[in-house]
Amino acid sequence: MDAIEKFFLKPCAVNALPQELKDSGERTVLHLLRRDLQHLYLQEDVLQPNGQNEHKAPYLATMGILTGIDLMAKFYCGQGRKKASGRIFKKFLIDIGELSSSEADFAWKFRNALHHSYSLHINERLLGNIIFTTAISGHASWHTSDGQVDYINFWNLKALFLKLIVKYHERLRTSITLKHKFADEYEQAGRIFVQGQDKRG
């Protein structure tokens, strides 16, 4: 497997990994994140409430999703540790996710509010009311607002995350420039090596 295919490997049990990864202990960070997220938001292909397990941990899962977006943005833009994190995060969402600049800006501020306990200001308004909804909605947006309350639709946010994975993978496969940026980031921060997992399910 090449580095790109390793990076975008779908979540699976350890015993289902390709043999070369079992032997080497190599695990890519995106694969590990996606694998662990399944303990928080059900299997990747589940995009709606599922009986008693309709939302295992939406708050933690949302933090994980935003971390995954952050990770892919650094690989997409390259030199992630030398560039402004907010700029590359928003650029990735606009270029790959086709979000508007205002939605990308909200996502960045929302990410900071969750990860760092920052106050969330939108257009000079202190955002104190965020409601997570895990119900099936009639629209595809992960974020809506009535001017006073901002609603985060968990399932639509999950769908956006999975869309970003697919779109970035597709773009990466056809762009020499993106491949060079990816290769540099992969060597620096794309993988870890684990031991003692060969018998785990």
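Residues numbered from 1 in each chain as written. Predicted model: local features only at pLDDT ≥ 70, side-chain atom pairs only at ≥ 80, totals over all residues. Heavy atoms only, no water.

S.K.: Quick question: what am I supposed to make of helix α4 (residues 58–77) here?
M.R.: Side chains that are three or four residues apart share a direction in an α-helix, a result of its 3.6 residues per turn. With 20 residues, α4 extends 28 Å between its outermost C-alpha atoms, agreeing within 8% with the 28 Å of an ideal straight helix rising 1.5 Å per residue. Taken across its 20 residues, α4 has 16 buried, putting it largely inside the fold. Immediately downstream of α4, the backbone of Gly-78 shows phi near 75°, a positive value. (Helix = DSSP H or I, 4+ residues; strand = E, 2+ residues; numbered from the N terminus. Expected span 1.5 Å × (residues − 1). Buried < 20%, exposed > 50% of the residue type's maximum accessible area, 1.4 Å probe, protein only.)

S.K.: Got a minute to help me understand the packing of helix α3 (residues 29–41) against helix α7 (residues 154–174) in this structure?
M.R.: In helix packing, the relevant descriptors are the interaxial angle and the interaxial distance, both defined with respect to the helix axes. At a minimum axis separation of 13 Å, α3 and α7 run at an interaxial angle of 165°. Of the possible angle classes, the one that applies to α3 and α7 is roughly antiparallel. Once α3 is placed against α7, the crossing between them reads as left-handed. On α7, the residues that touch Arg-34, Leu-37 and Tyr-41 of α3 are Phe-154, Trp-155, Lys-158, Phe-161, Leu-162 and Ile-165. Classifying every residue of the contact of α3 with α7 gives 7 nonpolar, no polar and 2 charged. (Axes fitted to C-alpha atoms, helices over the stretch in contact; angles between N-to-C directions. Parallel < 35°, antiparallel > 145°, perpendicular 65-115°, else oblique. Left-handed = near helix turned anticlockwise from the far one by under 90°. Contact = heavy atoms within 4.5 Å. Nonpolar A, V, L, I, M, F, W, Y, C, P; charged D, E, K, R; others polar.)

S.K.: Please clarify how unusual backbone geometry should be interpreted in this entry.
M.R.: Note: most residues except glycine have negative phi, and most peptide bonds are trans. The phi dihedral of Leu-42 falls on the positive side, at around 70°, and the residue is not glycine. Tracing the sequence through the fold places Leu-42 in the loop between α3 and α4.

S.K.: Just checking my understanding: could you explain the pattern of salt bridges for this structure?
M.R.: Opposite charge on two side chains allows them to pair when their charged atoms are near. Counted by the stated rule, this structure contains 14 salt bridges. When the shortest N-O distance is used, the salt bridge between Asp-2 and Arg-173 registers 2.8 Å. Here Asp-2, found in the segment before α1 (3–7), pairs with Arg-173, found in helix α7; they are 171 residues apart in sequence, far enough to count as distant. Its relative accessible area of 31% is what places Arg-173 among the partly exposed residues. The shortest N-O distance in the salt bridge between Arg-191 and Glu-26 comes to 3.4 Å. Placement of Arg-191 in strand β7 (residues 191–193) and of Glu-26 in strand β1 (residues 26–28) is noted, with a sequence separation of 165 residues between them. Within the structure, one salt-bridge network assembled from shared partners comprises Lys-6, Glu-20, Glu-26, Glu-187 and Arg-191. (Salt bridge = Lys/Arg side-chain N within 4 Å of Asp/Glu carboxyl O.)

The analysis is restricted to geometry; functional conclusions fall outside its scope.
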